[in-house]
Number of protein chains: 2
Amino acid sequence: MMQVDVENVNTGEKATGKQIVGIVGLGLIGGSLGLDLRHRGWHVLGVSRSPLTCDLALERGAVDQSSDQLSLLREAGVIFICTPMAAITTTVRGLLPYITPKTILTDVGSVKEHILREVLPLWANFVGGHPMAGTTENGIMAAQEGLFINAPYILTPVENTPIAAVEVVANLVRSLGVRLYFTTPQEHDRAVSLISHLPVMISASLISTCSQEPHKSILSLAQNLASSGFRDTSRVGGGNPELGLMMAQYNRKALLDSLHKYQQNLQQVVTFLEMENWQDLQAILEKTQANRANFLT
Amino acid sequence: MMQVDVENVNTGEKATGKQIVGIVGLGLIGGSLGLDLRHRGWHVLGVSRSPLTCDLALERGAVDQSSDQLSLLREAGVIFICTPMAAITTTVRGLLPYITPKTILTDVGSVKEHILREVLPLWANFVGGHPMAGTTENGIMAAQEGLFINAPYILTPVENTPIAAVEVVANLVRSLGVRLYFTTPQEHDRAVSLISHLPVMISASLISTCSQEPHKSILSLAQNLASSGFRDTSRVGGGNPELGLMMAQYNRKALLDSLHKYQQNLQQVVTFLEMENWQDLQAILEKTQANRANFLT
C-alpha cells in the first residue's frame, strides 16, 4: 500500500499522489498540525482514543480520516505523536505492528532526554521534537491554523538518528512557518528547565506564600490589592497541575539543578536585604533589568 | 488669603469660590490626579522641582498654576505629596512655613509605616495614602485622566489622625472612582510585601538564574526559546531598579518576612522533587491553581 519513490523515500504516498502523514493525539497541538498540513497538501490520518474527538477532528477539517485504532496509520510515512508525554512510549509500542522500518516517528513532548531514552531502543527512526506553541485552551476545539507561525520548534536528533529522517521532519515543520532549532536532548532539557519549568515552580511558590498569610484581614487586603504584578508573576504557577507535575517528573534532574541555582540567587537578595547592603541589591536589579531584554528578542 | 467656611473646613477656597488643592511632584500620579481633580472643579496648584515639568503640567491641563517653589501652596487646603518616597519627609519639612494647622497633607507612597513614622511628628494632620495605579510609562507626559478608576486606593489613618482630615481625603479620592480601603500602616505594608514587593524579588532572581547559565549554547537556546511563561514571570523583576530598591529599603522588615516564608515554600517544592514525592507536589500545584483565583477578583 505504501508507495515509495526517490523523492519521498520516507513518506507515504496515497493513490491520489498525496503524501500521507499520521497524527496520534488530536488535541490542541495534534489538531493544529493537522489543519496546517492538510492546507499544505498532505493527506492526514488522525488517531485519538476518543471517538468523539475523532469526529470533531474530521468536522473541523484537521484530518482526512480518523480512527481510535492505530492500525489506521499503516500507510503514513511520517507519524507525529502528540499525546501527553506519559503516553508516548506506549504509543510507539502500539504502532510497531503497523509500521515499516522506513516509517519516521516524531513527537511533540516538552522534555526530550527521558522520552528518547525510552523510545530509541524501540524505534531508531525517531526524531525528538518540541514545538513551543500554545494557547490557554486545550483540546481539538482549540486547534487553529497558523498556530506554529514564528513559534520555536526544536528538533533533537542524536548520533544514530538517520539524517534522512531529520531532513524529512525538518522540512515538514519548516513549512509551518516555525523558527527551527537543532540541539541535543540534554541542552534542550536544560534550556526549558530554565525558561519554562523553573518559572512554574517559583510562580506556584508565590501563590502558596500569599495564600498562607495567617491574618485574615491582611489576606483579604492582599486579595483585594493584587493587580498586574501579582497576576503576571503568578500566571504559570496557577496553570494546569498535571502539566506542572509532568515537567517535574520528566525533567527532574535539570529542573532541580535550576532550582538550586535559583535558591542561591534568591538567598543573595535576602542576605543583601538583611545586611541592608543597598548598593549590591541595586546592582542586581540593574543587571536583571538589562538582562531580561536578551530573552525577549 | 485662605477662605474657610463650615462646609469646607479643611480645604482652601479661592476668590472664585473654587476649592484649592495642591500637588507636589507632577509625575504620572501627581499629573493624573491634577487632571482628574481639575475636571471635578478643583483649583489645582502644582509644584515640581523641574521648571520644564511645571510648564508641561500647565500645557497638559494638569494644573491651574505651577511653580518650582513650595510657597505656591499657601492657599491649598489639601496637599497631595506625589514625590518619590525618599523625598516625602523633606517635602513636609519644606511645606511647614507655608501651611496652617488646618492644612491636610496626604501622600501616595507605596510603603506606609516608615513614612508615617517620619512624618507624623512633623505634621499630625497627615493621612497616609497609596493609590495602586500605574502604567509602564512615567512622568507628566504619561499622566492621564481616569487613571484611578476602579484602582485600589488605600488610606492608613492612625489613632491620632483627625477624623475630619480622613473624611476630606476619602471623599476626594472616592470622587476619582477608586476602590477605597482603610487599614493600618502595618497591615498595608504586609499586604503589599506579599503581592507587590515579593514578586519583584522572586522575578529578579529568575532573570539572574537564567542569565548566569554558564554554557553559551544553552544560554543562547534559552534566550531563543523564552516565550510568554518567562515573559510574564520575569516582567516585574526587569522593571525600574530604583523602584525595586525603594520597596526593599522602605518595607525591609515585611519584605524579609515574606521572603523567608517564600523560601520555605520553595524548599518544600525542591524537597518533593528530590524525594520524587509526586503526590504531594501535585497537591501543591492543585492548591495554587485553585487559590490564585482568590487574588484576581
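Computed from a predicted model, the values in this text were never measured in an experiment. (Residues numbered from 1 in each chain as written. Chains lettered and ligands numbered in written order. Predicted model: local features only at pLDDT ≥ 70, side-chain atom pairs only at ≥ 80, totals over all residues. Heavy atoms only, no water.)

Engineer: What am I meant to see in the interface of chain B and chain A here?
Structural biologist: As a measure of interface size, the accessible area lost when the parts come together is often cited. Tallying the contact residues gives 87 residues for chain B and 87 residues for chain A. Per-residue buried area on chain B facing chain A is highest for Leu225, Arg292 and Phe295 of chain B; these three make up 9% of the total on that side. For the interface between chain B and chain A, the tally reads 6 salt bridges. For Asp232 of chain B, the salt bridge goes to Arg235 of chain A, with nearest N and O atoms at 2.6 Å. There are 31 residue pairs in polar contact (both at pLDDT 80 or more) connecting chain B and chain A. Those elements that place two or more of their residues in the side of chain B that touches chain A are strand 9 (152–155), strand 10 (179–182), helix 6 (185–211), helix 7 (216–225), helix 8 (228–234), helix 9 (241–250), helix 10 (252–274) and helix 11 (278–292) of chain B. With 19 residues, helix 6 of chain B is the single largest residue contributor to the side of chain B that touches chain A. (Contact = heavy atoms within 4.5 Å. Buried area = accessible area lost by both parts, 1.4 Å probe. Salt bridge = Lys/Arg side-chain N within 4 Å of Asp/Glu carboxyl O. Polar contact = N/O pair within 3.5 Å; in protein donor to acceptor, adjacent residues only side chain to side chain. Helix = DSSP H or I, 4+ residues; strand = E, 2+ residues; numbered from the N terminus.)

Engineer: Help me understand the relation of the copies chain B and chain A in this model?
Structural biologist: Turning one copy of the chain about an axis and sliding it along that axis gives the other copy, so a rotation and a shift relate them. Overlaying chain B on chain A yields an RMSD of 0.0 Å, the required transformation being a rotation through 180 degrees with an accompanying axial translation of 0.0 Å. What we have between these two chains is a two-fold relation. No C-alpha of chain B lies nearer the rotation axis than that of Thr233 of chain B, which sits 2.1 Å from it. Both copies present the same face, since 100% of the interface residues in chain B are matched by interface residues at the equivalent positions in chain A. (Least-squares fit on C-alpha atoms with pLDDT ≥ 70 in both.)

Engineer: Help me out: how do you make sense of the pairing of strand 3 (residues 43–47) of chain A in this one?
Structural biologist: A regular strand carries its side chains on alternate faces of the sheet. Residue and element names in this part refer to chain A. Counting buried positions over the 5 residues of strand 3 gives 5, a clear majority of the element. Burial along strand 3 is two-sided: the residues His43, Leu45 and Val47 and Val44 and Gly46 are all buried. For strand 2 (residues 19–24) and strand 3, the ladder comprises 5 bridges, and the chain directions are parallel. Among the inter-strand pairings, Val21 is bridged to a residue of strand 3, identified as Val44. Once the chain exits strand 2 it traverses helix 1 (residues 28–39) before rejoining the sheet at strand 3, and the crossover so formed is right-handed. Sheet topology places strand 3 next to strand 4 (residues 65–67); 3 bridges connect them, and they run parallel. Bridge pairing links Leu45 to Gln65 in strand 4. In this region the chain leaves strand 3, passes through helix 2 (residues 51–60) and returns to the parallel neighbour strand 4; the handedness of that crossover is right-handed. (Buried < 20%, exposed > 50% of the residue type's maximum accessible area, 1.4 Å probe, protein only. Pairing = 2+ DSSP bridges. Right-handed = clockwise from strand over helix to strand, strands pointing away.)

Engineer: Any chance you could explain empty space enclosed by the protein here in plain terms?
Structural biologist: Unoccupied space between atoms shows up once a probe the size of one water molecule is rolled over them. Tallied over the entire structure, the rule returns 1 cavity of 30 Å³ or more. In this model, the largest cavity occupies a volume close to 30 Å³. Forming the walls of the largest cavity are Thr209 and Glu213 of chain A together with Arg190, Leu194, Asp257, Ser258 and Lys261 of chain B. Counting residues per element, the ones that place at least two in the lining of the largest cavity are helix 6 and helix 10 of chain B. Among the elements that make up the lining of the largest cavity, the one with the highest residue count is helix 10 of chain B (3 residues). (1 Å grid on protein atoms, 1.4 Å probe; cavity = no way out; pocket = protein on both sides within 12 Å on 5 of 7 lines; lining within 4 Å. Points joined across faces, edges and corners; volume = space filled by probe spheres on them.)

Engineer: Please explain the sheet that holds strand 9 of chain B as it appears in this structure.
Structural biologist: In any sheet, the strands associate via hydrogen bonds between backbone groups, in a parallel or an antiparallel arrangement. The 3 strands lie next to each other as 8-9-10 (chain B), forming an open sheet whose pairing is mixed. Two strands close off the open sheet at either side, each with one partner strand: strand 8 (129–131) and strand 10 of chain B. Within this sheet the neighbouring strands show an average axis-to-axis angle of 15 degrees, counted without direction. Summarising the sheet, strand 8 of chain B and strand 9 of chain B pair through 3 bridges and their orientation is antiparallel. Its bridge partner lying in strand 9 of chain B, Pro131 of chain B is registered against Tyr153 of chain B. Helix-sheet contacts for helix 7 (residues 216–225) of chain A involve strand 9 and strand 10 of chain B, and the interaxial angle to strand 10 of chain B is about 160 degrees. (Axes fitted to C-alpha atoms, helices over the stretch in contact; angles between N-to-C directions.)

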